[in-house]
Amino acid sequence: MKLRHLLAASFALISISWAQEAKPLLHDHPLPVLAAPDFKGPLDASFSIAKGKWTPENGVLGVLDLPEQKHIPVLHHKVGLASATIEVEFMIEGPGTFLVGCDSAKHVGRVVVTATQLSIAEDTVAPSHTIAKLPMTVKPNEWHKLRVEWQGDQMAANLDGQELKAQHPYFATAKARSWLAAGKSVKVRNLKISGETKP
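In this report, the structure presented in the accompanying data block is examined. (Residues numbered from 1 in each chain as written. Predicted model: local features only at pLDDT ≥ 70, side-chain atom pairs only at ≥ 80, totals over all residues. Heavy atoms only, no water.)

1. Remarks on the pairing of strand S13 (residues 162–167)
The condition that has to hold: When DSSP finds two or more bridges between a pair of strands, those strands are recorded as paired. Segments assigned H or I by DSSP are reported as helices when at least four residues long, segments assigned E as strands when at least two residues long, and all are numbered from the N terminus.
Relative to S13, strand S12 (residues 154–159) runs antiparallel, the two sharing six bridges. Residue pairing across strands places Ala157 opposite Leu164, the latter belonging to S13.

2. Focus on the nonpolar core
The line we're drawing: The set of buried Ala, Val, Leu, Ile, Met, Phe, Trp, Tyr and Cys residues whose side-chain atoms join them within 4.5 Å is what this entry labels a nonpolar core. Only protein chains enter the accessibility calculation, which uses a 1.4 Å probe; a residue whose area is less than 20% of its type maximum is buried, one above 50% is exposed, and one in between is partly exposed. Residue contacts follow a heavy-atom distance rule, with two residues in contact if any of their heavy atoms lie within 4.5 Å.
In terms of nonpolar packing, the biggest core is built from 39 residues, with Phe90, Phe98, Leu118 and Leu146 touching the most fellow members. Look past the residues within four positions of Leu118 in its chain and what remains in contact with it is Val111, Val112, Val113, Ala132, Lys133, Leu134, Met136, Leu146, Ala157, Leu159, Gln162 and Leu164. Membership of the second largest hydrophobic core comes to five residues, among which are Val74, Leu99, Val112 and Trp179.

3. Structural notes on the environment of Ala82
Its place among the elements puts Ala82 in the loop between strand S5 (74–77) and strand S6 (83–92). Under the relative-accessibility criterion, Ala82 is labelled buried at 19%. Sequence spacing of Ala82 and Phe171 is 89 residues, and the spatial spacing of their C-alpha atoms is 9.7 Å. In contact with Ala82, not counting residues within four places along its chain, are Trp150, Gln151, Gly152, Lys175, Glu196, Thr197, Lys198 and Pro199.

4. Brief notes about the sheet that holds strand S7 (residues 98–103)
Cut-off, in case you're wondering: The angle between two axes is taken between their N-to-C directions and runs from 0 to 180 degrees, where each axis is a line fitted to C-alpha atoms and a helix contributes only its stretch in contact.
Here seven strands make up an open sheet; going across it, the order is S2-S5-S14-S7-S8-S9-S10 and the pairing antiparallel. Only two strands of the sheet have a single neighbouring strand rather than two, namely strand S2 (47–51) and strand S10 (129–135). The sheet shows a mean angle of 20° between the axes of neighbouring strands, taken without regard to direction. With five bridges joining them, strand S8 (residues 107–113) and strand S9 (residues 117–122) adopt antiparallel strand pairing. If you follow Val111 over to S9, its bridge partner there is Ile120.

5. Quick look at the pattern of salt bridges
As a working rule, side chains carrying opposite charge can pair if their charged atoms are close by. Applicable threshold: Here, a salt bridge means any side-chain nitrogen of Lys or Arg that lies within 4 Å of a carboxyl oxygen of Asp or Glu.
If you walk through the whole model with that rule in mind, you get seven salt bridges. Notably, a salt bridge pairs Arg147 with Glu87, separated by 3.1 Å at the nearest N-O pair. Within this pair, whereas Arg147 is found in strand S11 (residues 144–151), its partner Glu87 is found in strand S6, the two being separated by 60 residues in sequence. For Arg147, a relative accessible area of 10% translates into the label buried. Judged by its relative accessible area of 19%, Glu87 falls in the buried class. Note that Arg189 and Glu89 form a salt bridge whose closest N and O atoms lie 2.6 Å from each other.

What follows is the structure in structure tokens.
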């Protein structure tokens, strides 16, 4: 009996470790870490709140929609990255979405998470043009782990172990910033932004 419990515990530890360590999707080497806020105090000057309310407290970034702004909450990271890895955990409280994207003077590309799918879109047109999608269930009020990468004309994402990749010439546009966006009420933790400013 003790041996069975020990084996079960060992398997659980292996499973947890595997789930926590998403493999690189596009990059063949680790990128330098540029931002890893602890969300215990104010965000540093590399971040700017574009829309909504983003409140760091006790290691979690609370995100609230402000209806009078008529736009979902958006948080910019003001560093343009030719190659990037953005790792983050999020919880959608009720119906809503979570997005990670990048801009030049205009939007370039984005990863979009809804309750029913993970998708990647390019932004040469409005609304965004979805070029890859993966049906999956993203439960509300549970933490989910997302990894987003871009390099050259490619963008990729890993959500809770499920991978999606896309390629489009517009993704190679020089970047001015990256961003997070969320619908209604969302919580964010363990954000890490890594990248290189030159191709």
